[in-house]
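In case you want the letters, here they are:
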Amino acid sequence: MSNRIILPGATLGVLGSGQLGRMFSIAARQLGYRVHIYSPDSDSPAGQIGDVEVAAPYEDLDRVREFARGVRVVTFEFENVPSATSEAAAEIVPVRPDGRILHTTQHRLREKEYLSRNGFPVTPFRSVESLESLQKAVGELGLPAILKTATFGYDGKGQQRIARIEELPNAFEQLHGVEGILEACVDFEREISVVAARGLDGSFQGFPVFENAHEHHILDVTVAPAGIPPQLHREAMELARGILDSLRVVGLLTVELFVTRQGGLLVNELAPRTHNSGHLTMDACPTSQFEQQLRAVCGLPLGSAALRAPAAMANLLGDIWKLAGGVPNWAAALSDPSIKLHLYGKAVPRVGRKMGHLTATAATTAGAVAAVRAARDRLLLPY
Ligand code: AMP
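These remarks concern the structure in this document. Counting restarts for each chain, with residues numbered from 1 along the sequence as it is written. Owing to the predicted nature of the model, reporting of local features is limited to residues with pLDDT of at least 70; listing and counting of side-chain atom pairs is limited to 80 or more, with chain, interface and lining totals taken over all residues. The side-chain figures draw on all heavy atoms in the structure; neither hydrogens nor water molecules are used.

1. Focus on the sheet that holds strand β5 (residues 125-128)
Here is step 1: Each pair of strands is called paired provided DSSP finds at least two bridges between the two strands. Secondary structure counts use DSSP, requiring at least four H or I residues in a row for a helix and at least two E residues in a row for a strand, with both numbered from the N terminus. What the four strands build is an open sheet, ordered β5-β8-β6-β7; its pairing is antiparallel. Of all strands in the sheet, those with a lone pairing partner are β5 and β7 (159-162), marking the two edges. Direction aside, the axes of adjacent strands within the sheet are offset by 25° on average.
Here is step 2: In this structure, strand β6 (residues 145-149) lies alongside β7, joined through four bridges in antiparallel fashion. Pairing of Lys148 across the sheet is with Gln159, part of β7.
Here is step 3: Whether two residues touch is decided by their heavy atoms; if any such pair falls within 4.5 Å, the residues are in contact. Here, axes are lines fitted to C-alpha atoms. For helices the fit covers the stretch in contact, and angles between N-to-C directions go from 0 to 180 degrees. On the sheet, helix α5 (residues 108-117) packs against β5, β6, β7 and β8 (180-184) and is oriented at approximately 145° with respect to β5.
Here is step 4: Contacting β5, β6 and β8, helix α6 (residues 131-141) crosses the sheet at an angle of about 170° to β5.

If you want it as structure tokens, here you go:
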């Protein structure tokens, strides 16, 4: 076992260079590792922290192999890298979680088929390859329904809600020839997520269940622990554990779930990586989700995922810069000493772009949410 451990001082490779890679790199550096980043971008959020930033296309497999030769293990923070990229890296070093998991989770249909085949509850779905198959699927699942592209979907990208039968031809056209998946529209009571890690030895650690509120399909505020009964909390955790075991994950994986009005659980989506809803772990748990990913992929024992105090996280999108008419009022947000500010080093604050987040801990979840929302509102005060 011990010779499989990748010890501090070693160099780790990350595919992808966004904020998840940045916060992973910060955790890795804290533990004395070196980090190399690979993505098509330069001066990226992760590249600003890593020791080496390789800016090259994911399709340049020779560059990927060369990158892999310089590191002990490859992990990723962006799951939409081509399968060939992780396979090329895996010729040289372990890729964790492995390419097989990436292949399953980067395609909504494959993912849902895998989950339902293995007995995990998912939103009712049908594959869509033609207008006829869309019409048939709507006949079976009913309306309203949600049509999604099977690939490259996140933050509601590539999604359309269909309410009326007349909308079908136009909705199908919007797929632009890409394979689609039609899902029944779930009238959920709330959305939750479980961020969990599985070690090389099969050990498991799940963070307390998070509750997520979205705005325009983008995560807005996360609260921990979720306001659900203890029994449902246990069920969500067992479900996540079952999925990580079934996929034999080494690393971290997030399960996004709907809680139905009947109190049941349905898996919406898997992400084989750290997750936006887990950002509050940096300020509210002994081990952050990024350190947990690092421990899992390096073969180290997993850390405590307990929550020190009720916590809330609010995303900071580029929209805030626009509303503030310039640089947001950071000092005003931080006037509450319980507030923590995280910024991702992105130069251009585009509308809808995740630029950073705020976290608050408090005696109650309601207190944490109120504090983090109030801090975000203060960003708009004049300096
Ligand atoms: P996704 O990109 O699949 O995670 O979807 C983003 C958000 O859209 C989810 O967090 C939900 O708020 C909403 N959504 C996605 N699929 C469904 C569905 N089948 N029923 C209801 N809401 C959905």
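Still more to cover.
2. Describing the environment of Leu239
Here is step 1: With respect to the element layout, Leu239 can be found in helix α8 (residues 230-247).
Here is step 2: Considered as a pair, Leu239 and Val194 are 45 residues apart in the sequence and their alpha carbons are 9.2 Å apart.
Here is step 3: The residues touching Leu239, leaving out its near neighbours within four places in the chain, are Phe120, Pro121, Leu257, Leu265 and Val267.

3. Some thoughts on the layout of surface pockets
Here is step 1: Two kinds of site are reported from a 1 Å grid over the protein atoms alone, namely cavities, where a 1.4 Å probe fits but cannot get out, and pockets, open sets with protein on both sides within 12 Å along at least five of seven lines, and residues are called lining when an atom falls within 4 Å of a point. Grid points are joined across faces, edges and corners, and a volume is the space filled by probe spheres set on the points. As a volume, the second largest pocket reaches approximately 360 Å³.
Here is step 2: Only β12 (218-224), β15 (311-317), α11 (319-324) and α13 (365-378) provide two or more residues apiece to the lining of the second largest pocket.
Here is step 3: Note on residue classes: Ala, Val, Leu, Ile, Met, Phe, Trp, Tyr, Cys and Pro are nonpolar, Asp, Glu, Lys and Arg are charged, and everything else, Gly too, is polar. In terms of residue class, the lining of the second largest pocket is built from seven nonpolar, two polar and five charged.

4. What to know about the pairing of strand β1 (residues 11-15)
Here is step 1: For β1, the tally of buried residues reaches five of five residues, placing the bulk of the element in the interior.
Here is step 2: Side chains Thr11, Gly13 and Leu15 of β1 all project onto a buried face; the interleaved residues Leu12 and Val14 project onto the opposite face, where all are buried too.
Here is step 3: Pairing between β1 and strand β2 (residues 34-39): five bridges, direction parallel. Within β2, the position partnered with Thr11 by the bridge is Arg34.
Here is step 4: For the handedness criterion, the strands are oriented away from the viewer, and a crossover whose path from the first strand over the helix to the second runs clockwise is classed as right-handed. Handedness of the crossover is the feature at issue here: the chain leaves β1, passes through helix α1 (residues 19-30), returns alongside β2, and the resulting connection is right-handed.
Here is step 5: Pairing of β1 with strand β4 (residues 73-76) involves four bridges; the strand directions are parallel. In the strand pairing of β4, Leu12 is matched with Val73. Throughout this description, buried means an accessible area under 20% of the type-specific maximum (1.4 Å probe, protein chains only), exposed means over 50%, and partly exposed covers the range between.

5. Details of the site of the ligand
Here is step 1: For each residue, the test is whether any non-hydrogen atom lies within 4 Å of the molecule or strand; if one does, the residue is near. Looking at the ligand, there are 18 residues lining it, with Lys148, Gln159, Val186, Glu191 and Glu269 nearest.
Here is step 2: Interatomic distance of 2.9 Å between a side-chain N/O atom of Arg108 and an oxygen atom of the ligand.
Here is step 3: Polar contact is the term for a pair of N or O atoms within 3.5 Å; when the atoms are in protein, one must be able to donate a hydrogen and the other to accept it, and sequence-neighboring residues count only if both atoms are side-chain atoms. Interatomic distance of 2.6 Å between a side-chain N/O atom of Glu191 and an oxygen atom of the ligand.
Here is step 4: The Shrake-Rupley method, run with a 1.4 Å probe sphere, supplies the accessible areas, and residue values consider only the shown protein chains as cover. In isolation the ligand offers 470 Å² of accessible surface; the protein chains occlude 94% of this area.
Here is step 5: Every element with two or more residues in the shell around the ligand is listed here: β6, β8, β9 (188-198), β13 (251-260) and β14 (265-271).
Here is step 6: Looking at the shell around the ligand residue by residue, the class counts come to six nonpolar, six polar and six charged.
Here is step 7: Domain start and stop points were drawn from an automatic or database domain assignment. Both of domain 2 (124-184) and domain 3 (188-378) provide at least three residues apiece to the shell around the ligand.

So, to be careful, I would describe these as geometric facts and stop short of saying anything about function.
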